[in-house]
Amino acid sequence: MDDAGVCAVRFGGAAGPLVSGDPVLERAVEELTGYFSGESAPFTVPLSVPGGSQFERSVWRALWAIPYAEMRTYGQIAAAVGEPDGARAVGVACNRNPLPIIVPCHRVVGADGKMVGFGGGIWRKKVLLELEAKVRIEREFGLF
């Protein structure tokens, strides 16, 4: 976190102690907890992404636009950012995404629909996509 907002989300292990009383950090924890408990509300916590190339930042914006429980291919993201032959570069940009889950790089799959390439591990990508699919089905069919 910096003065402007949340600047990183990491998998596994703590980067340091949670700063008690910081309202932005508490909101980020609340929203992430809500996400993992099946609430599909959009993230509203302020974000701060000081790094990244122009291309990476355009990919991250495209990731941000992927609706909850939907997927796009690396090629579709490449085309969306004006680099139709840039699927591999999109994969690199996804791997460098400093805000996984909030900026949903887990929603990007291979051209054949297979789960490939995720900095948090393919097993985590599968868990995240299954969570979103379950919540979407429950809501669409009025199960909960």
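Residues numbered from 1 in each chain as written. Predicted model: local features only at pLDDT ≥ 70, side-chain atom pairs only at ≥ 80, totals over all residues. Heavy atoms only, no water.

Asker: What's the story with the state of the cysteines in this structure? I'm lost.
Answerer: What is meant by a disulfide is a covalent connection between two cysteines, made through their sulfur atoms. Scanning all chains against the criterion turns up 0 disulfides. Distance from the sulfur of Cys-94, which forms no disulfide, to the nearest cysteine sulfur (Cys-105) is 5.7 Å. (Disulfide = S-S within 2.5 Å.)

Asker: Just to check I follow, could you spell out helix H5 (residues 122–140) for this structure?
Answerer: Each full turn of the α-helix corresponds to 3.6 residues, which orients residues three or four apart in the same direction. Taking 1.5 Å of rise per residue, 19 residues should cover 27 Å, and H5 covers 27 Å from first to last C-alpha, within 8% of that figure. Inspection of H5 places Lys-125, Leu-128, Leu-129, Leu-131, Glu-132, Val-135 and Glu-138 among the buried residues, and these make up the whole buried set. Considering only its buried residues, H5 is in contact with helix H1 (23–36), helix H3 (74–80) and strand S2 (108–109). The positive-phi residue at the C-terminal boundary of H5 is Gly-142, with phi of around 65°. (Helix = DSSP H or I, 4+ residues; strand = E, 2+ residues; numbered from the N terminus. Expected span 1.5 Å × (residues − 1). Buried < 20%, exposed > 50% of the residue type's maximum accessible area, 1.4 Å probe, protein only. Contact = heavy atoms within 4.5 Å.)

Asker: Looking at this model, I keep getting lost on the pattern of salt bridges. Mind explaining?
Answerer: Should the charged atoms of two oppositely charged side chains come close, the side chains can pair. Applying the stated rule across the entire model yields 7 salt bridges. For Glu-132, the salt bridge goes to Arg-107, with nearest N and O atoms at 2.8 Å. Note that Glu-132 is positioned in helix H5 and Arg-107 in the loop between helix H4 (87–95) and S2, a separation of 25 residues in sequence. The burial state of Glu-132 is the same as that of Arg-107; both residues are buried. (Salt bridge = Lys/Arg side-chain N within 4 Å of Asp/Glu carboxyl O.)

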